[in-house]
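Here is what each chain is made of, one letter per residue.
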Amino acid sequence: MSQQTHSVTGPGACSGRQYRFASRMAKTPKSFIREILKVTEDPQIISFAGGLPNPGLIDVDGIARATASVLAQDGHSALQYATTEGYLPLRQFIADRYKKRLGLSISPDEILITNGSQQCLDLIGKVLINPGDHVAIERPGYLGAIQAFSLYEPQFHPIILHEDGPDMAQFAQELDKNPIRLFYGVPNSQNPSGITYSENRRREIGALLAGRDTLFIEDDAYGELSFDGTALPSMRQFLPEQAIITGSFSKILAPGMRLGWVVAPPPIMDQLIIAKQASDLHSNYLSQRIAYEYLLHEDIDERIAGIREAYKQQSGLMVSLIQEMMPESVTCTHPKGGMFVWMTLPEKVSSMEVFENAIRDHVAVLPGTPFYVDGGGNNTLRINFSNATPDKIRTGIERLACVIHALEKR
Ligand code: PMP
């Protein structure tokens, strides 16, 4: 069979030239968020569109101290090539933290350090998804996962997400109808919705999947950011041989360090390591060394407590302003952690139109449509609260409410 390609005409100097790309590229959505963020780079704009941690909560001084110490004490080694699996003391730290926070027994051999947790999704796709395989995902689902998995050409099955987790009846039906290879979900403070699965829902999903040929990919990018410090059980507790967990230092340390990790049972780990080696040999070793040095000498729990408290305030303010200022027909989620609130507008109000009108008033929001693999969500918005001061939240929501009131009355 000949390899399928599609051609794209490039812009600019080469405008006449046809380039041929692998067919998988045609099935992969461009990151709509990246496109929108270009519009919001204007410093005049109050942006609720992105998903950046609060820069004021990144401990630049502490990271500077850790960097200086690593370079002074062990610079030559820290700047060398290193193993694919990642720095063992860092993996041991992550394993110990799982034990302490969640009571999970995980060996450092089951942990692979990645270039941000986003890379885990690519590696998981590479290792587990053949073209046409059935993959279930929350509806709405994390755009970065939709994009990463799309490169491996699966058939997506979106499962409706309620306030307490995925719709169980629909989930069971999809499992009966199709050989679902994996389910990808974000049980803690989901991106985009801010929803956290209840403990009961986790148990039910565990019971539904146990013994089936389906893996649960638990993306736990926000697990440490529950506002009250609650740590709900990981899906690995219910599905010890069927759960893969991904984690990240982006939200608790610094996203620019690009450090994440994946936890997987040994046979899957072997494959992930091969895929990782082929991709980039290993994650940034200097970053790993600095992160470990930081974790050893600074009080990460105190740091995380500070981040939780700040985001709790920012989220609380945003939700109360939405309730106070928006039309009654507008609803929003009440996040228990993370960085996002999800708004649902009346059916007739298009979130794309809200985006266009709000940007004229120098406020940026993210229309929810790209989070739906099957279309839909035209009246939904993702609003980020972590990267805005209380003043900006107040002014931004006020302006956004005016835009939505006007569109609703039309
Ligand atoms: N998963 C989720 C749910 C996310 O929201 C993000 C960041 N937006 C990531 C993974 C990737 O984060 P990182 O690569 O910085 O760990």
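Just so it is clear, the model here is predicted, and its values are computed rather than measured.

### With respect to the site of the ligand
In the region of the ligand, 13 residues are neighbours, and S117, D219, Y222, S248 and S250 sit closest. The separation between an oxygen atom of the ligand and a polar main-chain atom of Q118 is 2.9 Å. Contacts to the ligand include R258, whose side-chain N or O atom sits 2.8 Å from an oxygen atom. In isolation the ligand offers 400 Å² of accessible surface; the protein chains occlude 90% of this area. Looking at the shell around the ligand residue by residue, the class counts come to 4 nonpolar, 6 polar and 3 charged.

### Some thoughts on the domain arrangement of the chain
Splitting the chain by domain gives domain 1 (30-58 + 302-408) and domain 2 (60-297). Using C-alpha coordinates to define each centre, domain 1 is positioned 25 Å away from domain 2. Facing the 32 residues of domain 1 at the interface are 35 residues of domain 2. When domain 1 packs against domain 2, close to 2,800 Å² is buried across both sides, 65% of that on carbon and sulfur atoms. Looking only at domain 1, the three residues that lose the most surface to domain 2 are I58, R308 and V373, adding up to 23% of its buried area. Our enumeration of links across domain 1 and domain 2 arrives at 2 salt bridges. Across the salt bridge formed by E224 and R308, the nearest N and O atoms sit 3.8 Å from each other. Sorting the residues of the side of domain 1 that touches domain 2 by element identifies α2 (32-39), α12 (300-325) and β13 (340-344) as the ones contributing at least two each. For the side of domain 1 that touches domain 2, a count of residues per class yields 17 nonpolar, 8 polar and 7 charged.

### Re the nonpolar core
F48, M343 and V354 are the most contacted members of the largest nonpolar core, which has 96 residues in total. When residues of this core are assigned to their parent elements, the largest contribution, 9 residues, is made by α12. Each of two domains, domain 1 (30-58 + 302-408) and domain 2 (60-297), supplies a minimum of three residues to this core. Leaving out residues up to four positions away in the same chain, F48 has contacts with M318, V363, A364, V365, R382, I383, N384, A388, K392, I393, G396 and I397. By size, the runner-up hydrophobic cluster in this structure holds 18 residues, among which are L161, I180, I205 and L208.

### Digging into the side chain of Q190
Within the secondary structure, Q190 sits in the loop between β8 (180-185) and α8 (199-209). According to the relative accessible area criterion, Q190 is buried, its value standing at 0%. Polar side-chain contacts of Q190 include one of 2.8 Å to the backbone oxygen of P140. In this structure Q190 touches E138, P140, G141, Y142, L161, I195 and F340, once residues within four positions along its chain are discounted.

### Examining the pattern of salt bridges
Going through the model one piece at a time under the given rule, you end up with 19 salt bridges. Where R65 meets E298, a salt bridge forms, and the shortest distance between an N and an O atom there is 3.2 Å. Remark: E298 occurs in the loop between α11 (285-297) and α12 and R65 occurs in helix α3 (residues 60-78); sequence separation between them is 233 residues. With relative accessibility at 48%, the residue R65 sits in the partly exposed group. E353 is paired through a salt bridge with R410; the nearest N and O atoms lie 2.5 Å apart. Placement of the pair is E353 in helix α13 (residues 351-360) and R410 in the segment after α14 (390-409), with a sequence separation of 57 residues. For R410, a relative accessible area of 59% puts it in the exposed group.

### Remarks on the sheet that holds strand β15 (residues 366-367)
Here 4 strands make up an open sheet; going across it, the order is β12-β13-β16-β15 and the pairing antiparallel. Two strands close off the open sheet at either side, each with one partner strand: β12 (331-332) and β15. Looking at chain direction, β13 and strand β16 (residues 380-384) are connected through 5 bridges and run antiparallel. Across the sheet, the residue bridging to M343 is L381, located in β16. Where α12 meets the sheet, its contacts fall on β12, β13 and β16, and the angle it forms with β13 comes to roughly 15 degrees.

### Quick word on the pairing of strand β10 (residues 243-248)
Along β10, 6 of the 6 residues are buried, which leaves the element largely enclosed by surrounding structure. On β10, burial covers both faces: A243, I245 and G247 on one face and I244, T246 and S248 on the other are all buried. Sheet topology places strand β9 (residues 215-219) next to β10; 4 bridges connect them, and they run parallel. Within the sheet, the bridge partner assigned to E218 lies in β10 and is I245. Taken together, the 4 bridges between β10 and strand β11 (residues 259-263) define a ladder with antiparallel strand orientation. Opposite T246, over in β11, you have V262 as the bridge partner.

### Here we look at the packing of aromatic side chains
Counted according to the given criterion, the structure contains 11 aromatic pairs. Ring geometry for F149 versus Y184: centroids 5.6 Å apart, planes at 80 degrees, classification edge-to-face. With a gap of 35 residues between them, F149 in helix α6 (residues 143-150) and Y184 in strand β8 connect regions that are remote in the sequence. Taken individually, F149 and Y184 each receive the classification buried, so the pair is uniform in this respect.

Calculation criteria
Residues numbered from 1 in each chain as written. Predicted model: local features only at pLDDT ≥ 70, side-chain atom pairs only at ≥ 80, totals over all residues. Heavy atoms only, no water. Near = heavy atom within 4 Å. Polar contact = N/O pair within 3.5 Å; in protein donor to acceptor, adjacent residues only side chain to side chain. Areas by Shrake-Rupley, 256 points an atom, 1.4 Å probe, with all protein chains shown as cover. Nonpolar A, V, L, I, M, F, W, Y, C, P; charged D, E, K, R; others polar. Domains from an automatic or database assignment. Contact = heavy atoms within 4.5 Å. Buried area = accessible area lost by both parts, 1.4 Å probe. Salt bridge = Lys/Arg side-chain N within 4 Å of Asp/Glu carboxyl O. Helix = DSSP H or I, 4+ residues; strand = E, 2+ residues; numbered from the N terminus. Core = buried A, V, L, I, M, F, W, Y, C linked by side-chain atoms within 4.5 Å. Buried < 20%, exposed > 50% of the residue type's maximum accessible area, 1.4 Å probe, protein only. Pairing = 2+ DSSP bridges. Axes fitted to C-alpha atoms, helices over the stretch in contact; angles between N-to-C directions. Phe/Tyr/Trp six-rings, centres within 6.5 Å; stacked < 30°, edge-to-face > 60°.

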